[in-house]
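# Descriptive structure summary
Listed below, chain by chain, are the residues.
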Amino acid sequence: AQSVTQLGSHVSVSEGALVLLRCNYSSSVPPYLFWYVQYPNQGLQLLLKYTTGATLVKGINGFEAEFKKSETSFHLTKPSAHMSDAAEYFCAVSDTGKLIFGQGTELSVKP
Amino acid sequence: DTGVSQDPRHKITKRGQNVTFRCDPISEHNRLYWYRQTLGQGPEFLTYFQNEAQLEKSRLLSDRFSAERPKGSFSTLEIQRTEQGDSAMYLCASSPTSGRAYEQFFGPGTRLTVL
């Protein structure tokens with residue numbers, strides 16, 4: 001069975017600081033991995049995804065993630081946080097089409 | 001270009017009542033998914049359709065839950081005899097079956113409150 005673990009249910013950074021949100025996965029097959037963002041009372045929006053090929057994936061709003069097979073990780077980073085980045089972030093792995101999500105990490109950005 | 005839409009956005013009901021939610025996917029998408037999200041948790045898969053065929057159901061989908069996609073377009077999710085534990089956000093997503101088949105586009109969700 002596939003699963004996702006997000007380390008840290010809440011992360012707080014200062015505006016302009018590095019954002020690092022951690023995600024580890026378990027998969028018996030080559031994984032398709034995703035990061036989604038959710039703003040309050042809204043649905044999920046895709047930030048980026050890894051399927052095959054380049055292991056460093058760039059997404060929207062300046063976010064990127066690196067697939068590391070040896071570490072079974074897919075951490076999300078952004079060099080400089082902006083106030084508008086405050087939201088809930090979900091890592092997910094695709095399992096025969098359906099998505100298996102982690103518990104989520106709430107990102108707070110302090111001025 | 002319209003995205004995935006869901007109706008209603010909010011539903012308050014009393015325990016024991018039946019409720020029905022509707023999802024309209026992106027028009028050219030063949031796959032449609034339902035997820036449930038409780039407060040502070042990630043979405044949990046409920047069921048999905050390929051056109052009108054329901055291909056997989058989660059064990060979370062008890063016999064009080066039923067989903068349909070009669071013409072392969074919109075879908076409905078019905079909950080019978082609602083319980084307080086059914087209170088959650090119900091999310092619908094759609095995806096194409098080729099190309100970026102594994103990317104899902106989500107609707108805004110229907111928030112259900114069972115009193």
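Notes on the structure in this doc start here.

Definitions and limits used
Residues numbered from 1 in each chain as written. Chains lettered and ligands numbered in written order. Predicted model: local features only at pLDDT ≥ 70, side-chain atom pairs only at ≥ 80, totals over all residues. Heavy atoms only, no water. Pairing = 2+ DSSP bridges. Helix = DSSP H or I, 4+ residues; strand = E, 2+ residues; numbered from the N terminus. Axes fitted to C-alpha atoms, helices over the stretch in contact; angles between N-to-C directions. Contact = heavy atoms within 4.5 Å. Buried area = accessible area lost by both parts, 1.4 Å probe. Salt bridge = Lys/Arg side-chain N within 4 Å of Asp/Glu carboxyl O. Polar contact = N/O pair within 3.5 Å; in protein donor to acceptor, adjacent residues only side chain to side chain. Buried < 20%, exposed > 50% of the residue type's maximum accessible area, 1.4 Å probe, protein only. Core = buried A, V, L, I, M, F, W, Y, C linked by side-chain atoms within 4.5 Å.

### Focus on the sheet that holds strand S3 (residues 19–26) of chain A
Residue and element names in this part refer to chain A. If you trace the 5 strands from one edge of the open sheet to the other, you get S1-S3-S8-S7-S6, paired in antiparallel fashion. The open sheet is flanked by strand S1 (3–7) and strand S6 (56–58), the only strands paired with a single partner. The sheet shows a mean angle of 20 degrees between the axes of neighbouring strands, taken without regard to direction.

### Quick word on the interface of chain A and chain B
Contact with chain A, which involves 19 residues of that partner, is made by 21 residues of chain B. Counting the surface lost from both chain A and chain B, the interface buries some 1,600 Å², and carbon and sulfur atoms represent 55% of this. Broken down residue by residue, the surface that chain A buries against chain B is led by Asn41, Leu44 and Lys98 of chain A, which jointly contribute 27%. One can count 2 salt bridges joining chain A with chain B. Counting the contacts that link chain A with chain B gives 6 residue pairs in polar contact (both at pLDDT 80 or more).

### Focus on the side chain of Thr13 of chain B
All names here are of chain B. On the secondary structure map, Thr13 appears in strand S2 (residues 10–13). The class for Thr13 is buried, based on a relative accessible area of 7%. Those residues in contact with Thr13, other than ones at most four positions away along the chain, are Val19, Thr82, Leu112, Thr113, Val114 and Leu115.

### Examining the nonpolar core
Counting 26 residues, the largest nonpolar core has Trp35, Leu47, Leu48, Phe74, Leu76 and Tyr89 of chain A as its most contacted members. For Leu47 of chain A, the contacting residues outside a window of four places in its chain are Trp35, Tyr36, Val37, Gly59, Ile60, Phe63, Leu76 and Tyr89 of chain A. Core analysis: the second largest hydrophobic core is formed by 19 residues, Phe21, Leu61, Tyr90 and Cys92 of chain B among them.

### Looking at the pattern of salt bridges
Considering all chains together, one arrives at 7 salt bridges over all chains under this definition. A salt bridge links Glu103 of chain B to Lys49 of chain A; the nearest nitrogen and oxygen atoms lie 3.7 Å apart. In this pair, Glu103 of chain B is assigned in the loop between strand S9 (88–95) and strand S10 (105–106) and Lys49 of chain A in strand S5 (residues 44–50), connecting two distinct chains. Take Glu103 of chain B: its relative accessible area is 7%, and that puts it in the buried class. Here the salt bridges share partners, and the residues they tie into one network are Arg64, Glu83 and Asp86 of chain B.

### Quick notes on the pairing of strand S5 (residues 44–50) of chain B
Residues and elements named next belong to chain B. Most of S5 sits out of view: 5 of its 7 residues are buried. Looking at chain direction, strand S4 (residues 31–37) and S5 are connected through 6 bridges and run antiparallel. Each bridged residue has a counterpart across the sheet, and for Arg36 the counterpart in S5 is Glu44. Turn length for the S4-S5 hairpin, with the two strands adjacent in sequence and antiparallel, is 6 residues, and the turn residue Gly40 shows positive phi of about 80 degrees. Two strands pair when backbone bridges link them, and S5 and strand S6 (residues 53–57) are joined in this way by 4 bridges, in the antiparallel orientation.

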